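# Breakdown of the fold
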Amino acid sequence: MELSGKIALVTGSSKGIGKAIALALASQGASVVVNYARDRNAAIETVNEITELGVSCFMVRAHLGEPAKIIEMFQKIDQHFGRLDILVNNAASGVQRPAVELEVKHWDWTLDINLRAPWLCAKEASKLMTNGGHIINISSLGARLTLPNYLAVGASKAGLETLTRYLAVELASRGIVVNAVAGGLVETGALTHFPNKEQMLADSRERTPSGRLVSPEDMAQVVSFLCTEAAEMIRGQVIVVDGGISLRGL
């Protein structure tokens, strides 16, 4: 297994894409830190599934909108493992409203979790990556395409892709490889917050050249690959996993 002996943190990994990524890394031999904010039962279920794969796993509750909680999370990882090899910045949130209906509190909430937190997590993780490592940021097509009710999240994801490029250059001398994976529409519980969910799903199924929606496992397999030595020379890139739908524009 290519990631045997590695230590990985996947933020927001109790369910959805984060859970799929955590399981994919564990299946390649990595020990995994499961981060969650609210759903303890889902986190426990994920931990159980990971330990059944024969690797070490523990969970840490931390709301990533609070910088102090981020620091505490990495302190716990340091105490438990003493190092970190992989960070996947997956946790995300946001308010789905048109630009003219967004309030400052909505903007701050979204960017604090989706952009400030990945920067702070990367900053703390780099201190534990004493022998190099990998950082993968999870983005979306909304970083480059305009989607309904998606301004705050889209802006945060565009910033996340810029952060990816800067970190890739600044951390390269320390042996840390940084990339991002941008997903198309993935049918997870997160879509319940979209007022036009059913229309989005129907349109995407019809327009995706691959003939199906992207699954959490599709995203996870690409993330897992980017954490291997085979992807060593991929730096600061945004890998799009969307079944080809972005090739058709809007």
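Predicted model only: the values in this text are computed from it and were never measured.

This brings us to the overall build of the chain. Broken down by element type, the chain carries 7 helices and 7 strands. Its helices and strands taken in sequence order, the chain reads β-α-β-α-β-α-β-α-β-α-β-α-α-β from the N to the C terminus. By the compact-globule yardstick of 18 Å for 250 residues, the chain fits well, its C-alpha radius of gyration being 17 Å. By its C-alpha atoms, the chain is 45 × 40 × 40 Å across when sized along the principal axes. Total accessible area on the chain stands at roughly 11600 Å², and carbon and sulfur atoms take up 52% of it. Put simply, the chain has 24 plus and 25 minus side-chain charges, and the middle of one group is 3 Å from the middle of the other.

With that settled, the discussion passes to helix α3 (residues 67–80). Here α3 is 14 residues long and its end C-alpha atoms lie 20 Å apart, about the 20 Å a rise of 1.5 Å per residue gives. Regarding α3, the residues found buried are Ile70, Met73, Phe74 and Ile77. What you see down the axis of α3 is that its buried residues fit within an arc of 90°, all on one side. One or two steps after α3, the chain reaches Gly82, where phi turns positive at roughly 85°.

Below, the discussion takes up the packing of helix α1 (residues 16–27) against helix α7 (residues 216–226). Between α1 and α7, the shortest axis-to-axis distance is 8 Å and the interhelical angle comes to 45°. One way to sum up the angle between α1 and α7 is to call them oblique. The handedness of the crossing between α1 and α7 is right-handed. Only Pro216, Glu217, Met219, Ala220, Gln221, Val223 and Ser224 of α7 make contact with α1, whose side of the interface consists of Gly16, Ile17, Ala20, Ile21, Ala24 and Leu25. Here the contact of α1 with α7 is built from residues that sort into 9 nonpolar, 3 polar and 1 charged.

Our focus in this paragraph is the sheet that holds strand β3 (residues 57–61). As summarised here, the arrangement of the 7 strands in space is β3-β2-β1-β4-β5-β6-β7, forming an open sheet in which the pairing is parallel. Strand pairing shows two members of the sheet lacking a second neighbour, β3 and β7 (238–241), which therefore form its edges. Geometrically, the sheet is characterised by an average inter-axis angle of 20° between neighbouring strands, direction not taken into account. Across the sheet, α1 lies against β1 (7–10), β2 (31–36), β4 (86–89) and β5 (133–140), angled at about 170° from β1, the strand it touches most. Lying on the sheet, helix α5 (residues 151–170) is in contact with β5, β6 (176–183) and β7; it crosses β5 at an angle near 160°.

Turning to the pattern of salt bridges, a few remarks are in order. Counted by the stated rule, this structure contains 12 salt bridges. The partner of Lys105 in a salt bridge is Glu103, and the shortest N-O contact between them spans 3.9 Å. Note on Lys105: relative accessible area 56%, which makes it exposed. Linking Glu232 and Arg235 is a salt bridge whose minimum nitrogen-to-oxygen distance equals 3.2 Å.

Before going further, it helps to spend a moment on the nonpolar core. By size, the foremost hydrophobic cluster in this structure holds 33 residues, and its most contacted members are Ile21, Leu25 and Val88. Taken together, the elements giving at least two residues each to this core come down to β1, α1, β2, α2 (40–51), β4, β5 and α7. A total of 7 residues in this core trace back to one element, the largest contributor, which is α1. Not counting residues within four places of it along the chain, the set of residues in contact with Leu25 comprises Leu3, Ala8, Val10, Ala30, Ile86, Val88, Ser224 and Cys227.

This next bit is on the pairing of β5. Among the 8 residues that make up β5, 8 are buried, leaving the element largely enclosed by the rest of the structure. Neither face of β5 is exposed, since Gly133, Ile135, Asn137 and Ser139 on one face and His134, Ile136, Ile138 and Ser140 on the opposite face are all buried. Of the strand pairs in this sheet, β4 and β5 are connected by 4 bridges, and their pairing is parallel. Across the sheet, the residue bridging to Leu87 is Ile135, located in β5. Following the chain from β4 across helix α4 (residues 104–128) to the adjacent parallel β5, one finds a crossover that is right-handed. Taken together, the 8 bridges between β5 and β6 define a ladder with parallel strand orientation. Bridging across to β6, His134 finds its partner in Val177.

Before going further, it helps to spend a moment on the packing of α4 against α5. Contact geometry for α4 and α5: axes closest at 8 Å, N-to-C directions at 15°. Taken as axis vectors, α4 and α5 run roughly parallel relative to one another. As for the relative orientation of α4 and α5, their crossing is right-handed in sense. Where α4 abuts α5, its residues Trp107, Thr110, Leu111, Asn114, Leu115, Pro118, Trp119 and Ala122 lie against Leu151, Ala152, Val153, Ala155, Ser156, Gly159, Leu160, Leu163 and Leu167. Here the residues of the contact of α4 with α5 are counted per class, giving 13 nonpolar, 4 polar and no charged.

A few words on the environment of Arg248. Inspection of the secondary structure assignment puts Arg248 in the segment after β7. Each residue touching Arg248, except ones within four places of it in the same chain, is listed here: Glu206, Arg207, Thr208 and Pro209.

What counts and how
Starting afresh in each chain, residues are numbered from 1 along the sequence in its written order. Reporting in this predicted model follows two pLDDT cut-offs: at least 70 for local features of residues, and 80 or more for side-chain atom pairs to be given and counted; totals over whole chains, interfaces and linings ignore these cut-offs and use all residues. With hydrogens and water set aside, each side-chain value is computed from the structure's full complement of heavy atoms. A run of H or I in DSSP counts as a helix once it spans at least four residues, and a run of E counts as a strand once it spans at least two, with each numbered from the N terminus. Here the globule rule is a power law, 2.2 Å times the number of residues to the power 0.38, and the radius of gyration is based on C-alpha atoms. Only the protein chains shown count as cover for residues, and all accessible areas are computed by the Shrake-Rupley method using a 1.4 Å probe. The convention is simple: Lys and Arg are positive, Asp and Glu are negative, and His and the chain ends are not counted. Where a charge sits is defined by one atom per residue type, namely NZ (Lys), CZ (Arg), CG (Asp) or CD (Glu). By definition here, a helix of n residues has an expected span of 1.5 Å times n minus one. Summary of the burial criterion: residues with accessible area below 20% of their type's maximum are buried, those above 50% are exposed, and those between are partly exposed, where the area comes from a 1.4 Å probe applied to protein chains only. Note that the arc is defined by the directions from the helix axis to the C-beta atoms. Each axis is a line fitted through C-alpha atoms, and for a helix only the stretch in contact is used; angles between axes span 0 to 180 degrees, taken between their N-to-C directions. Our angle categories are set so that under 35 degrees counts as roughly parallel, over 145 as roughly antiparallel, 65 to 115 as roughly perpendicular, and the remainder as oblique. Note on convention: the crossing is left-handed when the near helix lies turned anticlockwise from the far helix by less than a right angle, right-handed when the turn is clockwise. Here, residues are in contact when the closest pair of their heavy atoms is within 4.5 Å. For this classification, the nonpolar set comprises Ala, Val, Leu, Ile, Met, Phe, Trp, Tyr, Cys and Pro, the charged set comprises Asp, Glu, Lys and Arg, and every other residue, Gly included, is treated as polar. Here, a strand pair is defined by DSSP locating no fewer than two bridges between the strands. Just to be clear on terms, a salt bridge is a Lys or Arg side-chain nitrogen sitting within 4 Å of an Asp or Glu carboxyl oxygen. For this analysis, a nonpolar core means a set of buried residues of the types Ala, Val, Leu, Ile, Met, Phe, Trp, Tyr and Cys, connected via side-chain atoms within 4.5 Å. If you view a crossover with the strands going away from you and the path from the first strand over the helix to the second runs clockwise, you call it right-handed.

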